[in-house]
Amino acid sequence: MSSSTTVRTARRRTLRMAALALTAAAGLTLTACSGSDAAGTKPAGHSDTGAAVESSGAGSSAGAQGSGAPASPGAKADAKSGAAGKQSGGAHATNGGKAASPARTQRLADGVSTAEISKVGDQHYRAKIVARGSVLATLEAKGQDAGLDANDMFLVLTSDGQVRSWTGGGHQGPGTFKIAGGWTVKVTKVGELHYRAEFLSPSGDADDTVEANQHDIGFVANGVNVVLSAGGVISAHS
């Protein structure tokens, strides 16, 4: 097998596992941020990690500070699956009301909102998005990453409790776009609040696919943070 074939096989396997994780974990109920239509997931091939997002109504803008420089599309084999599950508004108890650890606070990219991040369990973190004393949304990542498009502020919460946020850079699908990480992504509408993003190879074939169905999804792949909303907006930041 040629080296190029080996790289592509590894990339597809990694992204596919990531997408499965994202889809399996989608357990959130996002009620706010309807302007972006909801929180999204990773391309099919990427895993959809379950995340819960609750919104109190007003959309917050959460921007993730992108971590290290992303690898090229051909190196997506190291992609970390992201998850986005739909969340039900506001702060809510999970695991039967299991208490979370004391929260740490992190300023978000919009300069107004903050994330209050607490550990609920092993690979289980919750982030409350707060602005001017009000909780605007709650994002939860359990075993996988979660993502949210909050009125053009994009937020990824990883399963190890890291928050990355950024503002702007969103592309409204349907359409084909070039995003951070050197990836070309084709976004298509599947149904109401249901969009698919296909990560294309240089030849134009779909290497990996992720879907945001009724809720946004987010993930980190090779140092690149990606959010796909249920309204068809995709944004990436490195």
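Note that this is a predicted model, so its numbers are computed, not measured.

(A) Representation of the overall build of the protein in the model. Check the secondary structure of the protein and you find one helix and 19 strands. Here the contacts in the protein between residues at least 6 apart in sequence split such that 68% fall between residues at least 24 apart. Here the protein displays about 8,900 Å² of accessible surface, and carbon together with sulfur accounts for 49% of that area.

(B) Layout of the pattern of salt bridges. Applying the stated rule across the entire model yields two salt bridges. One salt bridge in this structure joins Glu140 and Arg126, with 3.0 Å as the shortest N-O distance. Here the residue Glu140 occupies a position in strand S8 (residues 134–142), and Arg126 occupies one in strand S7 (residues 124–131), the gap between them amounting to 14 residues. There is no split in this pair, since Glu140 and Arg126 are both buried. Arg196 serves as the salt-bridge partner of Glu211, at 2.7 Å between the closest nitrogen and oxygen. You can see Glu211 sitting in strand S16 (residues 206–213) and its partner Arg196 sitting in strand S15 (residues 194–200), a full 15 residues away along the chain. With relative accessibility at 26%, the residue Glu211 sits in the partly exposed group.

(C) How the structure looks around the environment of Gly223. With respect to the element layout, Gly223 can be found in the loop between strand S17 (217–221) and strand S18 (224–228). What makes Gly223 buried here is its relative accessible area of 16%. In the structure, Gly223 is positioned 15 residues away from Ser238 in sequence and 6.3 Å away in space, judged by C-alpha atoms.

(D) The arrangement of the sheet that holds S17 in detail. Pairing within the open sheet is antiparallel, and its four strands lie in the order S12-S19-S18-S17. Because the sheet does not close on itself, it has two edges, and the strands there are strand S12 (171–172) and S17.

(E) Just the pairing of S18, in detail. For S18, the buried fraction is high: five of the five residues fall into the buried class. Burial along S18 is two-sided: the residues Val224, Val226 and Leu228 and Asn225 and Val227 are all buried. Where S18 folds back onto strand S19 (residues 233–237) in an antiparallel hairpin, the turn is made up of four residues, including Gly232, whose phi is positive at roughly 90°.

(F) Geometry of unusual backbone geometry. Pro174 follows Gly173 through a cis peptide bond whose omega is 5°. Examined against the element boundaries, Pro174 turns out to sit in the loop between S12 and strand S13 (175–179). Look at Asp152: it is not a glycine, yet its phi comes out positive at around 75°. For Asn222, which is not a glycine, the phi torsion comes out positive at approximately 55°. In this fold, Asn222 is placed in the loop between S17 and S18.

Calculation notes
Residues numbered from 1 in each chain as written. Predicted model: local features only at pLDDT ≥ 70, side-chain atom pairs only at ≥ 80, totals over all residues. Heavy atoms only, no water. Helix = DSSP H or I, 4+ residues; strand = E, 2+ residues; numbered from the N terminus. Contact = heavy atoms within 4.5 Å. Areas by Shrake-Rupley, 256 points an atom, 1.4 Å probe, with all protein chains shown as cover. Salt bridge = Lys/Arg side-chain N within 4 Å of Asp/Glu carboxyl O. Buried < 20%, exposed > 50% of the residue type's maximum accessible area, 1.4 Å probe, protein only. Pairing = 2+ DSSP bridges.

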